[in-house]
Amino acid sequence: MTRKTRRLWLVIACVACLGAAAALMLKAFSSDIVFFVTPSQVVSKPPPADRTVRLGGMVVAGSVKREKNGETPIARFEVTDGQAAVTVRYEGILPDLFREGQSVVAVGTMRPDGFSASEVLAKHDETYMPKEVAEALKKSGKWDPRFGPPPSAESWNTMTVQDAKKNAPAAPATPP
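Residues numbered from 1 in each chain as written. Predicted model: local features only at pLDDT ≥ 70, side-chain atom pairs only at ≥ 80, totals over all residues. Heavy atoms only, no water.

Caption draft 1: Focus on the overall build of the protein. Of regular secondary structure, the protein possesses 4 helices and 7 strands. Taken from N to C terminus, the helices and strands of the protein fall in the order α-β-α-β-β-β-β-β-β-α-α. A burial count over the protein gives 32% of its 176 residues as buried. Relative to all contacts within the protein whose residues are 6 or more apart in sequence, the contacts with residues 24 or more apart total 48%. Of the roughly 11700 Å² of accessible surface on the protein, a fraction of 59% belongs to carbon and sulfur atoms. (Helix = DSSP H or I, 4+ residues; strand = E, 2+ residues; numbered from the N terminus. Buried < 20%, exposed > 50% of the residue type's maximum accessible area, 1.4 Å probe, protein only. Contact = heavy atoms within 4.5 Å. Areas by Shrake-Rupley, 256 points an atom, 1.4 Å probe, with all protein chains shown as cover.)

Here it is in structure tokens:
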């Protein structure tokens, strides 16, 4: 074998090893990716049962039901984005900041009887809303941040962005 041929085989072997390493890394990462979905997306196209997703929206007022299975607390509640609602089942202690009418992100999988959450994340103060939840509310036409805080969950069925603009105080004129 000539020196040039040996060098060519070495380069080919290195490229093959790098390609195999990249393929293994991408395969490992693809199983750990968790997508954000809204309740209307779940209703229109449910994720596969084995796929972990983050379900974000607002907790429907009056929908929280608490029970116990032995010593384990179980909570059932509905999460909505103003377009659709999904029932969530969570086994464990809910976060202290979990409230009806507040934004929430539930991590879990879709089951035939609803969404089974392995983790529930609640907002941390009165002004915070997860970016994905805020974008979903804006996209559905239920909230425009230029016109104040997000609406209460009770008013979503009747409120649109145009209603919020009518009810909002007039914005101060900006000089040209």
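That was the structure; now back to the text.
Caption draft 2: Broad picture of a positive patch on the surface. Together, Arg3, Lys4, Arg6 and Arg7 line one region of the surface with positive charge. Assignment of secondary structure puts Arg6 in helix H1 (residues 3-32). (Patch = residues over 30% accessible without salt bridge, like charges linked within 9 Å, V, L, I, M, F, W, Y side chains within 5 Å. Salt bridge = Lys/Arg side-chain N within 4 Å of Asp/Glu carboxyl O. Lys, Arg positive; Asp, Glu negative; His and termini not counted. Charge placed at Lys NZ, Arg CZ, Asp CG, Glu CD.)

Caption draft 3: Up close: the pattern of salt bridges. For the structure on display, the rule yields 1 salt bridge. Measuring nitrogen to oxygen at the nearest pair gives 2.7 Å for the salt bridge that ties Glu91 to Arg89. The class of Glu91 is partly exposed, set by a relative accessible area of 40%. Under the relative-accessibility criterion, Arg89 is labelled partly exposed at 22%.

Caption draft 4: Focus on a nonpolar patch on the surface. A cluster of nonpolar residues, Met1, Leu8, Trp9 and Ile12, forms a patch on the protein surface that exposes about 490 Å² of accessible area. Positionally, Ile12 belongs in helix H1.

Caption draft 5: Structural context of the pairing of strand E7 (residues 114-122). In the sheet, strand E5 (residues 85-91) pairs with E7 via 3 bridges, with the strands oriented parallel. Looking across to E7, one finds that Tyr90 is bridged to Ala117. Bridge count between strand E6 (residues 103-111) and E7: 8 bridges; the pairing is antiparallel. From the neighbouring strand, Val105 faces E7, where its bridge partner is Leu121. In textbook terms, the turn of a hairpin is the stretch between consecutive antiparallel strands, and for E6 and E7 this stretch comprises 2 residues. (Pairing = 2+ DSSP bridges.)

Caption draft 6: Expanded view of the pairing of E5. Only one face of E5 is buried, namely the one carrying Val86, Val88 and Tyr90, since none of Ala85, Thr87, Arg89 and Glu91 on the opposite face is buried. In the sheet, strand E4 (residues 72-80) pairs with E5 via 7 bridges, with the strands oriented antiparallel. Looking at E5, one finds that Phe77 is bridged to Val88. Joining the antiparallel neighbours E4 and E5 is a turn of 4 residues, in which Gly82 adopts a positive phi near 95°.

Caption draft 7: How the structure looks around the nonpolar core. Of all hydrophobic cores here, the largest spans 20 residues; its most connected members are Leu55, Phe77, Val88, Phe98, Phe115 and Val120. If you list the elements that add at least two residues to this core, you get strand E2 (53-59), E4, E5, E6 and E7. In this view, Val88 contacts Leu55, Ala75, Arg76, Phe77, Val79, Ala106, Phe115 and Ala117; residues no more than four positions away in its chain are not counted. (Core = buried A, V, L, I, M, F, W, Y, C linked by side-chain atoms within 4.5 Å.)

Caption draft 8: Seen up close, the environment of Arg51. Positionally, Arg51 belongs in the loop between helix H2 (39-44) and E2. Spatially, the C-alpha atom of Arg51 lies 8.1 Å from that of Val34, the residues being 17 residues apart in sequence.

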